[in-house]
Structures are given as structure tokens and as C-alpha cells.
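A look at the structure
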Amino acid sequence: MRRLVLATLAASALAGPALAANTAPPTVAPKFESVPQDAVLSYNLIGLNITDAENNTVGEIKDLAIVHDKLVGYIVSVGGFLGMGERYVAVSPSSVALGYDADAKKWKAIIGATKDQLKSAPEFKYDGKFKR
């Protein structure tokens, strides 16, 4: 019993500094923004199919990469079937043309690359701090 109490106290003492290192950053007063009507919201992008110039589906936007409050990439899944064998690539937002098709009432994403070109691009892996 005595060993259990000592072990619990030792674990608590060691865990204290580790928890302090993970404290939340200081907060600041919110700055409110108005959102223009031509803005694209993230829920419009996640799951959006990307097509090539011939309207062939070449991938799907799975995630957004944001660095220092700036969108730096779309994580695109390429290949695979029913979630098996797909691989991910990070694509610059400037290489994807986004637009709203008012007739079809949906967003469109077009890239100037084929599925094979995307498959041969450097792979993005969900590991380390990105692990899902």
C-alpha cells in the first residue's frame, strides 16, 4: 500500500511540469470580420472533387493546410477505390481554379494536371503531428 501511495505521488510530481508545458496560449480580444459574398468556406472545399481540363475527376480535396493564418495548400487524395490505396499530395491553392457553378448550384475545382501527374507528385503523409 505504501509503495502504491509513493508511486502515485512520484507520478504526480513528474506529470506536473509536463502539463505546464502544454498550457494554452494567451488569448486576445476578438477581431470581427465581414465575410464577402464571393468568399469560399472550408465546408465548400472539403470533399470537393477536382477535375482536369477535360472534366475528368483527378482527385478530391480532403484537407486544408494553414500556416500562420494563411492557406498554403490543399491536401488532395489521388487514386484508390472506396478509401483503399489512395495517396495524398499537397497542392498549392494557386494551382487550383475554384468557381461556383450557379446553374448546377455547386462549387467546382479545376487543376491543370492529370491523375497520373498527381499520382507521381511527392506524397503527403498523415503522420507525426498530422496523424489522424
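Our subject is the structure listed above.
Residues numbered from 1 in each chain as written. Predicted model: local features only at pLDDT ≥ 70, side-chain atom pairs only at ≥ 80, totals over all residues. Heavy atoms only, no water.

1. Quick look at the overall build of the protein
For the record, the criterion: Numbered from the N terminus, helices here are DSSP runs of H or I no shorter than four residues, and strands are runs of E no shorter than two. Note on contacts: a residue pair is in contact if any heavy atoms of the two residues lie within 4.5 Å. Note that accessible areas follow from Shrake-Rupley with a 1.4 Å probe, and for residues the cover is restricted to the protein chains shown.
Per the secondary structure count, the protein includes three helices and seven strands. Counted from the first residue to the last, the protein has its helices and strands arranged as α-α-β-β-β-β-β-β-α-β. A sequence separation of at least 24 residues applies to 38% of the contacts in the protein between residues at least 6 apart. With the model as given, the accessible surface of the protein reaches about 10300 Å², and the carbon-plus-sulfur share is 58%.

2. Remarks on the nonpolar core
In summary, soluble globular proteins display a tendency toward joint burial of nonpolar side chains. Put simply, the rule reads: Each nonpolar core is a collection of buried residues, namely Ala, Val, Leu, Ile, Met, Phe, Trp, Tyr and Cys, held together in the definition by side-chain atoms within 4.5 Å. Exposure classes here rest on a 1.4 Å probe applied to the protein chains alone. A residue is buried below 20% of its type maximum, exposed above 50%, and partly exposed in between.
Core analysis: the biggest nonpolar cluster contains 16 residues, and Ile-50, Val-76, Val-91, Ile-111 and Leu-118 have the highest contact counts within it. Elements that contribute at least two residues to this core include exactly β2 (57-67), β3 (70-78), β4 (87-91) and β6 (106-111). When residues no more than four places from it in sequence are discounted, the contact partners of Val-91 are Val-72, Gly-73, Tyr-74, Val-76, Val-96, Ile-111 and Leu-118.

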